[in-house]
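Coordinates in review
Residues per chain are reported as follows:
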Amino acid sequence: MKNKLIFSAMLLALVSVTTPSCFNDLDLEPAYGLNSIAVYENPDNYIHVLAKIYAGLAISGNQGPAGNPDILGIDEGFSQYVRVLWNLQEISTDAVKCAWNDPGIPELNKMQWSSTNSFVNAMYYRIYFQIPLCNEFLREAADDKMDERGFSEADKSLIRSYRSEVRFLRALSYYHAMDLFGNVPFVTEENALGADAPKRIVRADLFDYIESELKAIESEIPSANEYGRATKGAVQTLLARIYLNAEVYTGTNRYSDCATYCAKVINEGGYSLEPVYDHLFMADNHQSNEIIFPVTFDGMFTQTFGGTTFLTHSTIGGDPMSAIDSSYFGVQFGWGGNRSTPQYAANFPDVDDARNMFFLDGQTLEFTEDAQLGQFVVGWPIAKWRNITSTGAVGSDATGNYVDTDFPMFRLADVYLMYAECAARGAGDVGLGLGYVNALRERAYGDAANNVGSITPESVLEERARELQLEGYRRTDLIRFGLFTGGDYIWAFKGGSFAGASVPEYLNLFPIPSSDVVANPNLIQNPGY
Amino acid sequence: MKNVYLLVRNAIVLVCMAMPAFVWGQAATLSGIITDPLGQTLPGVTVLLDGTGQGTISDIDGSYTLAFDNAGTYTVSYTYIGYMKTTTTITLTSGQNMKKDLQLQEDALLLETAVVVGYGTVKSKDLTGSITNVGVKDFQTGAVTTPEQLIVGKVSGVQITSNSGMPGAGSRIRIRGGTSLNASNDPLIVIDGVPIDNNGISGSGNALSLINPDDIENITILKDASAAAIYGSRAANGVIIVTTKKGFADKKLHINFSTTNSFATVTKMVDVLTADELRDVINTQGSATQQALLGDENTDWQSELYRLGIVTDNDITFSGGLKNLPYRLNLEYMQEQGVLDRSQLNRMGASLSLNPTYLNGKLKTEGNGKIFHTDNAFADQGSIGTAITFDPTQPVYDAASIYGGYYEWQNAGGLINLAPKNPLGLLNQRDDESNVNRFIGNLKFDLELFKDFHGIINGGIDMSRSNGTIVVPEEAANSYINGGVNNQYEQSKNNKLLETYFNYRKDLNKIKSRIDFTAGYSYQNWFREEPAFASLNFAGDTITPAGIPTETENTLISFYGRVNYNLNQKYLLTATLREDGSSRFSPDNRWGLFPSLAVAWLVSDEKFMSKSKMYLKFRAGYGVTGQQDIFNDYPYIANYDSSTSTAQYQFGDVFYYLLRPDGYDPNIKWEETTSYNIGIDFGFAGDKISGSLDFYKKITDDLLATIPIPAGTNFTNQILTNVGSMENTGVEANINVIAINKKDMGLEFGINGTINKNEITNLTKIEDPNSPGILVGGIDGGVGNTIQIQSVGYASNTFYTYEQVYDESGNPIEGEYVDQNNDSIINADDLIFGENPTPDFYAGFYASFRYKKWTAGFSLRGEFGNHIYNNIASTRGVYQNVPASGYMQNLTSDYLESNFQTYQILSDYYIESASFVRMDNISVGYDFGSVFKGNAGLSVSAICQNVFVISPYSGVDPEIAGGLNNTAPGIDKSFYPRPRIFSISANLKL
C-alpha cells in the first residue's frame, strides 16, 4: 500500500511537472537559416538579400547549380531567368530553332504555345519571383523600419542606396512582363505578402508606372558602382528601351524620348565600344567598358544550368563541332540544341564580318522536312558564346561544366542602334545615327571599307540582327516592325511546318499562365488564348 | 563485424549456462495434458497463475507442469489463440502433485481474444470499429525480412507493395487508398505503444526494415476513423499496431531456435535486342558512322549483373521467468545477399522484454528493448538501367582500358562524357556502405490505484545512429572527370514519447452495463540531425563544399479520451476525442480536435436469433482524423535560406552569399479526413464460414497540396497549402472458410477483396476550363517531362497524355496524335486524361491444408484496373536512343513493335494495363513432433515466394511502388527486380 501511494505521488508529480513545461516545446524554430525578423535586425544582412535579387537574374535557386530551386513546376535548369527570357525572345523567332523535344520547346519553335507552356510559365513566375522579393526589401528598408531597429546613420544611408537599385530591378522585371505578357498582376511594396490576389494592370498603365519609377530613381542612383550593380546608365538604357517600343505598349510612339535617353547614355555614361567584337562574349567580358548592365556568372561561385552556361553548351553539337578541342569553347561537351534558320542567315552576306559566326562544317542550312526540327545537323549554329578569356585561358571550372562569361543585359552597341533607328525614323540626328552604325561595322570588319552611306529603319533592323544576335532582343525587334506575326515575313517552322506560314497577330503577346488565371480572379486571359 | 559476432555468440553461451543454475523450491505441482475438441494435443497453450504473471506453456505433447512455492488456493487460466480462455480454481496441499487434463473449446472467430487498440485492449467481440488483427498463425512464411511483408494480401483494404527486390527495401503501405496528395499517405505505425518515426533512416531501406519479423506476436490494423481517431492528427491513413512477443514467468526455460535459409533468382529481365539483332538493325538503317561502331561481342549485360541471392535468417529465443520476472530474449542474425551483385544487408538484433508484476498483481510493469545493428552494402542501382541499353556488341573487359580494365566508350579526347558507363564498372567500382544502429525501447507501468482504476505511464524512445561512405576509385569511368568519389554521411535521430493515462473499467450489473473509460496525455518529440560533409574526390580534394547541416525537430502534445459502453452485452458504443497540438503549425492553427463515434449491435445475441447459432454484428462508425506529416517541420515560419558557396553573386570582386525568403503559408494546418464506415461481421455453419463486409467513405478537406498561388503574393510560385478536397469510397469484404476440420486433416481458406475509388473533388479557388490541373509524375527522357496530373474530377496521379493515332493494321503512327480541340495544332491543349496507377479492385486468396503431420499452404494476390507508364520502353525502345555518333546504345524490343524513330514520350501508347495476379507464397511443412526423446519439438518447411506473376504488362514487373513522399506511382523506370525465393526453414523448440 505504501508503494502504491509513493507511485501515485510520483505519477501525479510527473504529470504536473511535464504538462505545462511541454507546451513551450510547441514553439520551435529552424536551427539553421533565419526568420524574417532576425534577418532584418542586422544591417549587414541587407546586402545579401540585395545579392539574391540580382542573383535572381543569374541562377535558378539557392544551391548552385541546382537542388534548391526558386520556382517550381519546371525543370530547375530550364527555369533560370536569362535562359527563359532568351528562349521566349529568340526560339520564337527566325534567329533560333531548338532541336530538343522537351515539353514546351517544340511549341516555342513553331509559335504554337498555349497557356500551359512550361517556358511561358517559367518566365512569368520568374518575373513574379523577383517582384515580391523587391517589394519585401523595400518594405524592410523603409526609413521608419530602419529607425525602429536603431540603425546607424551610415548603415541607413548605405541601405537607402540599395533601394534605388532594387527599384531598378523591379522596373526591369516589370518591363519584361509588359513586353511579353502585356496585362499582368500588379504588386508593389504597398501590398502585404500573402494578402488578396493582386489587381490587374493594363499594358499602358504599366508603361507609365515603369517610366515613373525609372525617372524617380534616375537622379538618386549613382553613376558608377561596383561591377555587376545597376547604375544611372542602366536606368537610362531601360528608359530608352521602353520608349523604343512604346507604340506597341501604349499606341503612342516615343522615339524622340528614346533618342534623348540614348544620347544621355552615350554622352554621359562614360561607356566605350569593346575593340574586338568576340571579346564581348568571352569569359573575361567583365573587363569590357561596353557593358552597361551585366548579369554575372562564375564557373565556381555562380553556377547554373541556365545563363551563359546554357548559351555556350546549347549551340554546340554535331560531330565536327563537338570534335573541336575544348580549349576553343572552354566547355567539355555540347548539348546540341540551338541553331539558326536560312532566313536569319540571310542577314549575314559577308564572311569578313566578325559577327558572322555561323559554324558550317557538318551542317546543312536548308530545312526540307518537318522532322528536321529535331535534327541539330540541319540549320547553322552560331558559335558566339564561349568560356575562354580574351587571352585564351579556359574558364575557372575545371570540369568544363559552368561558364564564367557574363550576360550583357544592356550594352552600348544596343544604345547606338536604338539611337540610329530613332534617327532613321526622324526622331534624332541622322548623321549621328549613321556614325553609330558605322562604328559598329568598322569594329566588325576591322576597317571602314564596309561602312554604309545611309540608314533606314529596316537597315538598322538588319544591323541589329547581326550585332545583337543571340542576345535576347529579336522578338521585341520583330514586333516593333510588325514582322513577328502575320505573313509579311516567313521563316522556317513559323506556324508549324518547315516551309513556314503566317500566324495570327494575337501571338505578339504570350498568354497569362492558366495556373494564374485560376488562382487570381482579377486576371483576364490575353485575347486569342 | 567479427567482434559483434563474438559478442552475440558469447551472450548466447552465457545465457545458456546461467539458466539451469536456478533451482526452485517446490511445495506442490499441477500437471496435465491439454487437448482440442478433436482430441489432439495442443502445444503452446499458456497456463497462467492469475495475478502473479507466473505460468508455463504446454509442451510439444500438450503436457504442462506448473510448480507452486506454497500450498493454497489458486486461479489458473489456460489461453491459446483460437480457443476459449478457460479458468479453474484449485486448492493444493503441500506436497500434492495434482493432475488436471483439459479440453479447450474452439473460438474460431477469436471473439474472446483481446485485441490491442490504441491505449488499451478490447475483446474482439466488443469491437465497434473496422479493425483487423493478424496473429502469428496467419503470417506469411518464408524469407520474410521486413515486418509488413508478414501480412501481404491477408487483410482487405490494405495494399502492400514492396518497393523493390533490394535487401531491406521496405514497402509502400496504403490503407483504403491514400487520403493526401502532398502529405504522407503512410499509416501510423505503433510498436508496443510507441508510435515510430515513419520517415526513412539514412543508410537504411525503410523504417520498419530494421525490426525482426520473428519478434512480432500480432499486427492490428485500425482501418476506419472511429478506431483510429484516438491517434488524432496522424491517423488519417490508418494505424498499424505491432505487438511484440513477451515472456512470462515460467520456471522452465524455453528455447526456440529457428532458421530460414533461402536462395533467390531473378525471373525476368527487360527484353532487349540481342547483339545480332542490334547489328541487323544498325546495318539496315544506321549511318556509316554508327555501323563503324558495332563490335563483335555478344554480351548480355543484364545477366552479368545478377547472381544467385542468398538469405540466411537465424533466431534464437529464450523465455521463462526468474522468480517473478518473466523475460523473453531474442537474438537474430540475418544476412541477405541480394540478387544484384554487391548488394547485401546484414542485421543483428537483440530484443529483450521483461514484464514483472508486483503488489499482488496490482502493479504490472513492462519493459521492451530492441537493439539492432545493420550493415548495408548498396549496389549502384544505376547499373540496372545502364545494362538495359549498353551496347551488347561490346565486351565487358578491355585489357587496354585505363578505367580499371572495363570497356568504356572513348574518342580521341578520351572518355565520352555523355556515353553510358560500363554497367559492371558502375557496380564493381563503387563501395557504398552504411551501418545503422537503432534502439527502440519502452517502459510501462500499470498500477491499479483503486479497484478497477488504473494509472498507466509509458515512456518510449526510438533512437538511431547511422553513417555511410561512398568510395569510387580515381580510375572509375563514372567519376573519372572528378577523380573518383570519397563521400560520407551521418544521421542521428532521437524520438521520445511520454504517455500518462488512466483507465477505469466497471461492470454495472444493475443496469446490465459495462463501461470502460480511458483518458490521457501524451508528449512526443522527433529530432533529426545530419552534419554537412563536403563532397570529395578519391584523393580527398573538395568537389563541392559542405552545405548547411540539418537539424530539425517537431513536437506533438495530445490529450485524449475514450469511452466504451456495453449495454446488455449486445449494444456497444465507443466514443473518442483527441486534441493534438503540433509545433509544425502556427499558434493560431496549432490545436486540432478529432472526435469519433461508433456503435455496434450484436444481433446474434438477441433472443430471436438465439436458435440460429449464427454470429452477426452490425457496426457503424464516424470519425475525424488528421494528417500532419508534410516532410517539413517549420512550414508556417518565414524562413530565410542561406545559399551554398556555389550559389553566390558577384559585386565588384567580392562574392556574396544569398539570403532568400522561402515561400510559405503562415496559415498552414493539418488535413482533416472525415470517415464513415458501415460494416457487418458474421459467422455461420458453426462458425466454419465467417467474414465481414464494410462500406466506407473518406472525405479529406483542407487537402494539403502544392499548388500555384496568385503570382506576386509569395516568395515562390507554388506553395504547400490547405486547398481542396479528395474522396475515397470503397467496399471491402473477407470470408474465411474452414472446409475440413478433422483429427488428421484440415483445410481452411480465405479470400478478401477491396474496391476503392479515389477522386479529387476540389483543387483550385476558381474554375477555368483552360487549366487542367497540376502536372506531376516526372519521367525519364528529355528534361522536365511529366506524365500525370492532379485534376478535379479525376483520381490522383491520373495519366495525362496525347492520344496516339494508329494505322489500319494497328501500328502506331509516329508523331500523330488526336487533335482533341481541332485547332490543327498539337500542343498541351490536346493532352487527355487517362487511366491511373491505383487499382480499382485488389484481392487476396490464401489456403492452408494439413494432413497428419504435413501442412501446406499458398497465398495469391491480385490487383486489377491499375495502369503503368512504361518509361523504359518510351526512352529506350526508340531509335533516337541509339546516338548519331561517338557511341552506341541498344534498344529494347519494344522498338520492333512501335518502330518509333524519335521520342514519343507523352504518347498513351506507353500506358499499359498493370493488372496482375501474383502467387506470393507456397509452402509445404512437416512437423516431426517431439524429437530427442521428447525433449524437443521440430518442424521443417519448404517455401517458395514470388512463385509467378500473371500480367498483360510488357515490362519486368507490374507492381511499381513509386518514389519517396508520394511521388511518381505507376511509372516504370529501371527497377531492382523482385526475385523468386526458395527457402528451407526449420524450427526447434527446447
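Nothing here was measured: the structure is a model prediction, and the numbers come from that model.

1. Remarks on the overall build of chain A
Looking only at helices and strands, chain A features 21 helices and seven strands. On C-alpha atoms alone, chain A measures out to a radius of gyration of 26 Å, which is about the 24 Å that the 2.2 N^0.38 rule sets for 529 residues. Counting across all 529 residues of chain A, residues that qualify as buried make up 55%. The long-range fraction of contacts in chain A, counting pairs at least 24 apart against all pairs at least 6 apart in sequence, stands at 67%.

2. Quick look at the overall build of chain B
Each helix and strand in chain B was counted, giving nine helices and 59 strands. Taken over C-alpha atoms, the radius of gyration comes to 30 Å for chain B, in line with the 30 Å a tight globule of 990 residues would show. Overall, chain B is about 100 × 65 × 65 Å in size when its C-alpha atoms are taken along their principal axes. Across the 990 residues of chain B, 49% fall into the buried class. Across chain B, every contact between residues at least 6 apart in sequence was considered, and the portion connecting residues at least 24 apart equals 69%.

3. As for the pairing of strand S38 (residues 654–657) of chain B
Residues and elements named next belong to chain B. Both strand S37 (residues 648–651) and S38 contribute to a ladder of four bridges, which runs antiparallel. Across the sheet, residue Gln650 finds its bridge partner in S38, namely Phe655. The hairpin turn running from S37 into S38, its antiparallel successor, is two residues long, and Gly652 in that turn takes a positive phi close to 60 degrees.

4. Concerning the interface of chain A and chain B
On the chain B side, the residues contacting the 97 residues of chain A number 80 residues. Of all elements in the fold, only helix H1 (2–23), strand S1 (34–35), helix H2 (36–41), helix H3 (46–55), helix H6 (118–140) and helix H21 (514–519) of chain A reach the threshold of two or more residues within the side of chain A that touches chain B. Broken down by element, the residue count for the side of chain A that touches chain B peaks at eleven residues, all from H1 of chain A. Broken down by class, the residue content of the side of chain A that touches chain B amounts to 48 nonpolar, 34 polar and 15 charged.

5. Notes on the packing of H6 of chain A against helix H8 (residues 153–180) of chain A
Residues and elements named next belong to chain A. Two elements in contact, H6 and H8, have axes separated by 9 Å at closest approach and are oriented at 155 degrees. Relative to H8, H6 is oriented roughly antiparallel. When the axes of H6 and H8 are compared, the crossing they make is left-handed. Mapping the contact onto sequence places Met123, Ile127, Gln130, Ile131, Cys134, Phe137 and Leu138 in H6 and Arg163, Val166, Leu169, Arg170, Ser173, His176, Ala177 and Leu180 in H8. The residue inventory of the contact of H6 with H8, partitioned by class, reads ten nonpolar, three polar and two charged.

6. Some words on the sheet that holds strand S2 (residues 46–49) of chain B
Residue and element names in this part refer to chain B. Strand order in the open sheet formed by four strands is S3-S2-S5-S6, and the pairing between neighbours is antiparallel. Two strands lie at the open edges of the sheet, namely strand S3 (54–57) and strand S6 (86–92), each paired on one side alone. Strand-to-strand twist of the sheet, defined as the mean angle between neighbouring strand axes without regard to direction, takes the value 25 degrees. Pairing between S2 and strand S5 (residues 72–79): four bridges, direction antiparallel. What sits directly across from Leu48, in S5, is Ser77.

7. Things to note about the confidence of the model for chain B
On average, residues of chain B carry a pLDDT of 88, and 95% of them reach 70 or more. Throughout residues 1–24 of chain B the model reports pLDDT below 50, and contacts reaching past four residues in sequence, or to other chains, amount to 15 contacts.

8. Some remarks on the nonpolar core
In terms of nonpolar packing, the biggest core is built from 300 residues, with Met123, Ala240, Cys258, Cys262, Tyr419 and Ala420 of chain A touching the most fellow members. Ranked by the residues each element gives to this core, the list is headed by H6 of chain A, at 13 residues. Discounting chain neighbours no more than four positions away, the residues touching Tyr419 of chain A are Ala259, Cys262, Ala263, Ile266, Gly428, Leu432, Gly433 and Tyr436 of chain A. Counting twelve residues, the second largest nonpolar core, distinct from the first, contains Leu30, Val45, Val47 and Leu66 of chain B.

9. Structural notes on the environment of Trp601 of chain B
Residue and element names in this part refer to chain B. Looking at the secondary structure, you find Trp601 in strand S34 (residues 591–602). A tally of 16 C-beta atoms within 10 Å means that Trp601 is categorised as partly exposed. With 30 residues separating them in the primary sequence, Trp601 and Tyr571 have C-alpha atoms 4.9 Å apart. Beyond its immediate sequence surroundings of up to four residues, Trp601 is in contact with Lys570, Tyr571, Lys617 and Phe618.

10. Some details on the sheet that holds strand S16 (residues 216–222) of chain B
Residue and element names in this part refer to chain B. Spatially, the five strands line up as an open sheet ordered S11-S16-S17-S14-S15, and their pairing is mixed. The sheet terminates laterally at strand S11 (131–135) and strand S15 (194–195), the two strands that pair on one side only. Alignment of strand S14 (residues 188–191) against strand S17 (residues 239–244), held across four bridges, turns out to be parallel. Paired with Leu188 across the bridge in S17 is Val239.

11. As for H6 of chain A
Over its 23 residues, H6 of chain A runs 33 Å from end to end, which matches the ideal 33 Å to within 8%, given 1.5 Å per residue. Of all the 23 residues making up H6 of chain A, 20 are buried; the element is thus mostly covered by neighbouring parts of the structure.

12. Side note on the environment of Ala419 of chain B
Summarising the element assignment, Ala419 of chain B is placed in the loop between strand S25 (414–415) and helix H7 (423–428). Once the C-alpha coordinates of Ala419 of chain B and Gly886 of chain B are considered, the two residues, 467 residues apart in sequence, prove to be 8.0 Å apart.

13. A few points about the pairing of strand S19 (residues 309–322) of chain B
Residue and element names in this part refer to chain B. In terms of residue burial, S19 counts as a mostly covered element, since ten of its 14 residues are buried. As paired strands, strand S18 (residues 254–265) and S19 are joined by eleven bridges and run antiparallel to one another. Bridge assignment links Asn261 to a residue of S19, and that residue is Thr312. Alignment of S19 against strand S20 (residues 325–337), held across 13 bridges, turns out to be antiparallel. Pairing of Leu322 across the sheet is with Leu325, part of S20. Hairpin connection from S19 to S20: two residues lie between these consecutive antiparallel strands, with Lys323 at a positive phi of about 50 degrees.

Each value, and the rule that gives it
Residues numbered from 1 in each chain as written. Chains lettered and ligands numbered in written order. Predicted model: local features only at pLDDT ≥ 70, side-chain atom pairs only at ≥ 80, totals over all residues. Helix = DSSP H or I, 4+ residues; strand = E, 2+ residues; numbered from the N terminus. Rg over C-alpha atoms; globule rule 2.2 N^0.38 Å. Buried ≥ 20, exposed ≤ 12 C-beta atoms within 10 Å, placed from the backbone. Contact = placed C-beta atoms within 7 Å. Pairing = 2+ DSSP bridges. Nonpolar A, V, L, I, M, F, W, Y, C, P; charged D, E, K, R; others polar. Axes fitted to C-alpha atoms, helices over the stretch in contact; angles between N-to-C directions. Parallel < 35°, antiparallel > 145°, perpendicular 65-115°, else oblique. Left-handed = near helix turned anticlockwise from the far one by under 90°. pLDDT = per-residue confidence, 0-100. Core = buried A, V, L, I, M, F, W, Y, C linked by C-beta atoms within 7 Å. Expected span 1.5 Å × (residues − 1).

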